[in-house]
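Structural description and commentary
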Amino acid sequence: MAMRNPLPRMNRRGRYVLILLVGLIALLTATGWMVGIWTDYLWYDEVKFTEVFSTTLRSRALLFVVFGGLMALWVGLNLWLAYRFRPSAAMLTSPDQQVLDRYRRALSPRLKLWTGLVAGVVGLFTGLAAQDQWQSWLLFTNSQTVGGEPDPQFKLDIGFYLFEYPFWTYILSVAFTATIIALIGALGAHYLYGAIRLSGRGERISTAARVHLSSLIALFVLLKAVAYWFDRFGLVITENSVTGLTGGGYAEMNALLFAKEILIFVAIIGAVAVVIFSNGFGKTMLWPACAIGLVVVSAIAIGGIYPAAVKSITVQPNVPGKEGKYVQWSIDATRAAYGMTDVNPIETTLTANGDAKTIDADEFTVPNIRLLDPSIVSDTFSQKQQARGFHGFSDKLDVDRYMVDGKLQDFVVGVRELNPEKYSATQSDWTVRHTQYTHGYGFVAAPANEICGDGEPYFVSGFLNVPAEGQDTTSCRSATDLIPTDRPQIYYGELMTDYAVVGQPEGSAPREYDHPAGSEDVLTTYEGSGGVSMSSMWNRMLYAWEFRETKFLLSDAFNDESKLLYNRNPRDRVEKVAPFLTVDGDPYPAVVDGKIVWILDGYTTASTYPYSDKVNLSDASTDTLTGSGTTQQAGRDVNYIRNSVKATVDAYDGTVNLYAYDEADPVLKAWNAAFGGIVKPKAEIPASLAAHFRYPEDLFKIQRDLLQRFHVKDSQTFIQGSDAWETPVDPAKPGEGKQPPYYVVANYPGQTGAQFQLTSTMTPATRANVTSALLSAYYDETGAPKLSLYQVGDNVSSSLQTHQNLTSLDTVVQDLRLFETEKTNVEYGNMLALPVGNGVLYVEPLYLRRQGTGAGTTLPQMRKVLVSYGPYNAYANTLPEALKSIVEQYTGQTPPTTDPGTEEPPPPTEPGATDPAVTAAVAKMNQAIEDLKAAQQSGDFEAYGKALAALDAAIKEYDAAVAAATKGG
């Protein structure tokens, strides 16, 4: 009886519908892909970086075709071999073969199609995975020789690890994958066509199948030998199992390395044995199984048990003696890879008992003390310098410096941008949103050390409606714009997530809202070179598809001069034109030759620098301000970083410029060669632009994180950990994260004059209440980066301890209670630690923000200043008053400020003072103050936090009791 075909057949109509659906899906997918590529090209053409587009696309296509094609050919070849050497039909008489015959009959008519389909699918996924390796490929093909010290173990140039090793390991992984897939496919095909049988008389596997499968197994084992060879080099970037540092230690280099070399020969012998014994002597697949077993057992015994025994018996009883050399390698490599080779702790005369009289004599630091906190005053900028409700400033403003009247002055700066999140329903109409509200207006600046009126910034730039001559100019702004701009319009900014359609024919009335002038609105038309032309219907069709917006086809807002501005965030633009860069999370605006430009720091990174310790970019660069006006770095590990590029984005026309800043960086050289020299040489940096370069924040924070341990250069001390440091927690937000670094204009030991620099403090790992060092970074007069570490004397209070000391003063506690009753929130500004004389001066502004009753934002006002210098503390309305108090305490003109807990609080004078509930609340307040003092003296910050919470609860209880007693009276 004829056997029925087990596969049901689809009728003709069903086949047509299926073909139509598949074709439609394929067409839509291909169209979307092509539109994306085309619009990408138009954007790259607009910014003049088409070489990046073409190089990236070419590299991806090459890797897709080569790896995908080779994989498809390899899989197809092995399937064809399995089919070509199948047994004759006369041999396939067993019951299980009769069952398989149904599937063979179904596949045979279209065998080439099915083989091609399987091979094509495998090749497709391989190609898609391979094209993601385009960066490794470009570095591999543009490899650079680093020179200098080679890796300490194998004496190879560092360039091998940075540029070649990653791609070799990828090729090896693809080879393993190809062998495994081929083995699985060949095994299945041989079984399907009867070369492998599970039952029946005679041999269970044909000679052809045995030769084929044993060859693939031998290839796999041989690849293991190659992998062991490369694993040797990988030991210099693996984790030391004893110290936790990057780079193999004693056990890895004296046991595991030896094991890898032995395993190379074991694998080669195993591969030869598989071929010979499977097809020569034994002619059985038992030998391949034995060979694989030998490799596995050897890997466990030689590569696992032996190194573990050496580690346990030899290393752990004598870690300093055995690991010292390898730890020293890690110290030297880490300092070199992160640009810290020349950073050595500098001994200073800074002590806990400095001469406060030097405060009055200081010329460079005290006059420049920054009182405006850029993370707090953004709301003030928005309210006081807001043209319309949809304008706004970044959550965190920036700090930069300008020469004003021949003096270096730091300013808190920001640009007045469009904020689409603040549009009303009417303003969200497509035409209004994308063709009328297209840009922001103005560069706004305020001196960082000046406070005006009720604790507000004193604006000197970017304000609207400048008073006419003879009008009152005594408000909190200068009479004239001290930092004028030629083009105040902001078409590219951090808040601009929308695209904009701009441009009008010559002679047409402008339609873009610009700024208010009295009771009138000034309109303008974009005249910049940036933007993709929308003059053709074809481009409009492309972007209608790209943005899923029919208005590109239907709106009458388009004309022959129309341009489309998109990708308007400066950081996004730089990342797109330089995809090899890691961009700092805090771009900042500057006025350069009358133009407003965004300045961004670009980093080249690697994760394969021998013996350099790895850091997680996100963890190392995150502090309490990350995510509030700054962008968090991706959570990936690196062990090499250079601030090799300074980038600018013109705020008016979006022009992107990339300048080499570290021309010696080999990684930058490789990328620049790969992309045809898109990074301009350092010599082309305008002096007016270089004057605004800052030491980058994320790099500083990464270096600060590493210097917690790697300030120690001696391996024995490093292993003991006796001199380890920590980054202090943010005193203004205890428990929320690390304290951010701060830009200041100051003079640190050994510096000439006032320098604009980025600063932070460090504390001992075991004593969070004292400061161990000050960290400072700046660019000298030649533009060279200078990172300096200043060690201070014993018992200099840490920023957190100083904050606790100051906020525990009787007058401060009483004011905090008063502010609470007045429904006013207290916000502590940046705690600055500044070397003055032979001591450390701490300054912390205190902002008050009245609690709002509606949906509006209330303004923070700087109303008090907390200052500490050695044992002397001050709390005053202004900085000069606080500094005067410090000096008077030091000279004995006034007694030192009362420490918390040394005096009993005055008896309550409010109505109901004799009420039992009031008396009980007062007792709780007294006890909380005593607990505060005890926690402060013991350095127990957890107890301090609990005591502070108890005091706050007692104050609220007291207020409630007084109110109840008064009402009852």
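Computed from a predicted structure; not experimentally measured.

1. Points about the overall build of the chain
What the chain contains, in helices and strands, is 26 helices and 30 strands. Counting every position in the chain, which comprises 969 residues, the buried fraction comes to 51%. The long-range share in the chain, meaning contacts at least 24 apart out of those at least 6 apart in sequence, stands at 68%.

2. What to know about the pattern of salt bridges
Under the defined criterion, the tally for this structure stands at 24 salt bridges. When the shortest N-O distance is used, the salt bridge between Lys396 and Glu697 registers 4.0 Å. Linking Lys396 in the loop between strand 2 (391–392) and strand 3 (398–404) with Glu697 in helix 20 (residues 697–710), this pair joins segments that are 301 residues apart in sequence. Residue Arg433 pairs with Asp498 through a salt bridge whose shortest N-O separation is 2.4 Å. Here the residue Arg433 occupies a position in helix 13 (residues 430–436), and Asp498 occupies one in the loop between strand 8 (489–490) and strand 9 (500–502), the gap between them amounting to 65 residues. Members of the salt-bridge network, linked through shared partners, are Lys396, Asp586, Arg694 and Glu697.

3. Re the packing of aromatic side chains
Under the counting rule described, the total for this entry stands at 57 aromatic pairs. On the numbers, 5.9 Å between centres and 25 degrees between planes, the contact of Tyr543 with Phe547 is stacked. Using a relative accessible area of 0% as the deciding quantity, one classes Tyr543 as buried. According to the relative accessible area criterion, Phe547 is partly exposed, its value standing at 28%. Each ring, one from Phe580 and one from Trp671, has its centre 5.3 Å from the other, and the planes form 15 degrees; the classification is stacked. Of this pair, Phe580 sits in the loop between helix 16 (570–577) and strand 14 (582–583) while Trp671 sits in helix 18 (residues 666–674), placing them 91 residues apart in sequence.

4. Re helix 14 (residues 537–546)
Buried residues of helix 14: Asn539, Arg540, Leu542, Tyr543 and Ala544, and no others. At its buried positions, helix 14 is contacted by helix 1 (12–47), strand 12 (532–533), helix 15 (551–554) and strand 13 (563–565). Of the residues one or two after helix 14, Arg548 is the one with positive phi, at around 55 degrees.

5. Details of the pairing of strand 11 (residues 520–524)
Pairing of strand 10 (residues 512–517) with strand 11 involves five bridges; the strand directions are antiparallel. Bridging from a neighbouring strand, His515 pairs with Val522 of strand 11. Connecting the antiparallel pair strand 10 and strand 11 is a turn made up of two residues, with Gly518 showing a positive phi of about 70 degrees.

6. Some thoughts on the nonpolar core
By size, the foremost hydrophobic cluster in this structure holds 202 residues, and its most contacted members are Ile359, Leu658, Leu841 and Val867. Looking at this core, the element that brings in the most residues is helix 6 (residues 158–192), giving 13 residues. In this structure Ile359 touches Val366, Val836, Leu841, Tyr869, Leu883, Ile886 and Val887, once residues within four positions along its chain are discounted.

7. Some points on the sheet that holds strand 3
On the basis of which strands lie adjacent, the open sheet formed by three strands has the order 3-4-7 and antiparallel pairing. Each edge of the open sheet is held by one strand with a lone partner, namely strand 3 and strand 7 (443–447). Shown here is a sheet whose adjacent strand axes are inclined to one another by a mean of 45 degrees, direction ignored. Pairing between strand 4 (residues 407–415) and strand 7: five bridges, direction antiparallel. Within strand 7, the position partnered with Phe411 by the bridge is Pro447.

8. Regarding the pairing of strand 4
The element strand 4 is extensively covered by neighbouring structure, given that seven of its nine residues are classed as buried. Pairing of strand 3 with strand 4, which is carried by seven bridges, proceeds in the antiparallel orientation. Across the sheet, Tyr402 pairs through a bridge with Gln409, a residue of strand 4. Between strand 3 and strand 4, which follow one another and run antiparallel, lie two residues, and Asp405 among them has a positive phi close to 55 degrees.

9. Section: the side chain of Asp410
Summarising the element assignment, Asp410 is placed in strand 4. Although buried, Asp410 forms no salt bridge, and the nearest oppositely charged side chain, Arg370, lies 4.5 Å from it. One polar contact links Asp410 to Gln409, side chain to side chain, over a distance of 3.4 Å. Contact partners of Asp410, with chain neighbours within four places excluded, come to Asn368, Arg370, Val399, Asp400, Arg401, Pro447, Ala448, Val744, Val745 and Phe756.

10. What to know about the UniProt feature "transmembrane region" (unreviewed entry) in the chain
UniProt marks residues 61–83, 111–130, 167–193, 213–230, 262–282 and 289–309 with the feature "transmembrane region" (unreviewed entry), using the numbering shown here. Taken end to end, residues 61–83 is 100% helix and 0% strand, and its first and last C-alpha atoms sit 32 Å apart. The straight-line gap between the two end C-alpha atoms of residues 213–230 is 26 Å; of that span, 100% is helix and 0% is strand.

11. Considering unusual backbone geometry
Glycine aside, residues mostly have negative phi angles, and peptide bonds mostly take the trans form. Backbone geometry places Asp593, a non-glycine residue, at a positive phi of 55 degrees. By the element assignment, Asp593 lies in the loop between strand 15 (588–592) and strand 16 (595–606). Residue class for Asp593 comes out exposed when judged on its relative accessible area of 59%. The backbone of Tyr611 sits at a positive phi, close to 70 degrees, despite the residue not being glycine. Counting through the fold element by element, Tyr611 comes out in the loop between strand 16 and strand 17 (615–616). By relative accessible area, which is 1% here, Tyr611 ends up buried.

12. Some details on the side chain of Thr438
Secondary-structure assignment places Thr438 in the loop between helix 13 and strand 6 (440–441). At a separation of 2.8 Å, a polar atom in the side chain of Thr438 contacts the side chain of His439. Within the local environment of Thr438, its side chain forms a polar contact with the side chain of Glu512, the two groups lying 2.6 Å apart. With residues near it in sequence (within four places) discarded, Thr438 still touches Leu418, Tyr491, Ala500, Val501, Val502, Glu512 and Arg568.

13. Some thoughts on the packing of helix 6 against helix 7 (residues 207–234)
Interhelical geometry of helix 6 versus helix 7 gives an angle of 160 degrees and a closest axis separation of 10 Å. On the basis of the axis angle, helix 6 is roughly antiparallel to helix 7. In the crossing of helix 6 with helix 7, the sense of the turn from one axis to the other is left-handed. Residues that form the contact of helix 6 with helix 7 fall into these classes: 23 nonpolar, four polar and one charged.

14. Topic: the state of the cysteines
Overall, the coordinates contain one disulfide when judged by the stated rule. Note on cysteine connectivity: Cys452 is disulfide-linked to Cys476, with sulfurs 2.0 Å apart. With the S-S dihedral at roughly -90 degrees, the linkage between Cys452 and Cys476 falls on the left-handed side. Of this pair, Cys452 sits in the loop between strand 7 and strand 8 while Cys476 is found in the loop between strand 7 and strand 8, placing the two residues 24 residues apart along the sequence. For the pair Cys452 and Cys476, a shared accessibility class is recorded, and that class is buried.

15. A word on the environment of Tyr659
As for its placement among the helices and strands, Tyr659 is situated in strand 20 (residues 656–660). Residues Tyr659 and Pro681, spaced 22 residues apart in sequence, show a C-alpha to C-alpha distance of 6.0 Å. Here Tyr659 is in contact with Ser644, Val645, Lys646, Thr648, Val679, Lys680, Pro681, Glu684, Ile685, Pro686 and Leu689, once residues within four sequence places are set aside.

16. Regarding the sheet that holds strand 9
Neighbouring strands of a sheet are bound in pairs by backbone hydrogen bonds; such pairs are parallel or else antiparallel. One open sheet accounts for three strands, arranged 9-13-12; its pairing is antiparallel. At either end of the open sheet lies a strand with only one pairing partner, and these are strand 9 and strand 12. Pairing analysis gives three bridges linking strand 9 to strand 13, with the strands arranged antiparallel. Its bridge partner being in strand 13, Val502 is matched across the sheet by Lys563.

17. Brief notes about a nonpolar patch on the surface
The grouping of Phe64, Val65, Trp114, Leu117, Val121, Leu124, Phe125 and Leu128 at the surface amounts to a nonpolar patch, some 720 Å² of accessible area in total. For the nonpolar patch, the secondary-structure elements that each account for two or more residues are helix 2 (50–84) and helix 4 (111–131). In terms of residues, the nonpolar patch owes the most to one element, helix 4, which gives six residues. By secondary structure assignment, the location of Phe125 is in helix 4. Phe125 sits in the exposed class, given a relative accessible area of 55%.

18. Considerations on the confidence of the model for the chain
Counting all residues, the mean pLDDT for the chain is 88, and 89% of those residues have values of 70 or more. Here residues 467–473 is a poorly scored stretch, pLDDT under 50, and it has four contacts once near neighbours within four places are set aside; other chains count. Low pLDDT, under 50, characterises residues 898–913; the predicted model gives this stretch 31 contacts beyond four residues in sequence or across chains.

Parameters at a glance
Residues numbered from 1 in each chain as written. Predicted model: local features only at pLDDT ≥ 70, side-chain atom pairs only at ≥ 80, totals over all residues. Heavy atoms only, no water. Helix = DSSP H or I, 4+ residues; strand = E, 2+ residues; numbered from the N terminus. Buried < 20%, exposed > 50% of the residue type's maximum accessible area, 1.4 Å probe, protein only. Contact = heavy atoms within 4.5 Å. Salt bridge = Lys/Arg side-chain N within 4 Å of Asp/Glu carboxyl O. Phe/Tyr/Trp six-rings, centres within 6.5 Å; stacked < 30°, edge-to-face > 60°. Pairing = 2+ DSSP bridges. Core = buried A, V, L, I, M, F, W, Y, C linked by side-chain atoms within 4.5 Å. Axes fitted to C-alpha atoms, helices over the stretch in contact; angles between N-to-C directions. Lys, Arg positive; Asp, Glu negative; His and termini not counted. Polar contact = N/O pair within 3.5 Å; in protein donor to acceptor, adjacent residues only side chain to side chain. UniProt positions renumbered as here; feature names shortened; annotations may be inferred. Parallel < 35°, antiparallel > 145°, perpendicular 65-115°, else oblique. Left-handed = near helix turned anticlockwise from the far one by under 90°. Nonpolar A, V, L, I, M, F, W, Y, C, P; charged D, E, K, R; others polar. Disulfide = S-S within 2.5 Å. Patch = residues over 30% accessible without salt bridge, like charges linked within 9 Å, V, L, I, M, F, W, Y side chains within 5 Å. Areas by Shrake-Rupley, 256 points an atom, 1.4 Å probe, with all protein chains shown as cover. pLDDT = per-residue confidence, 0-100.

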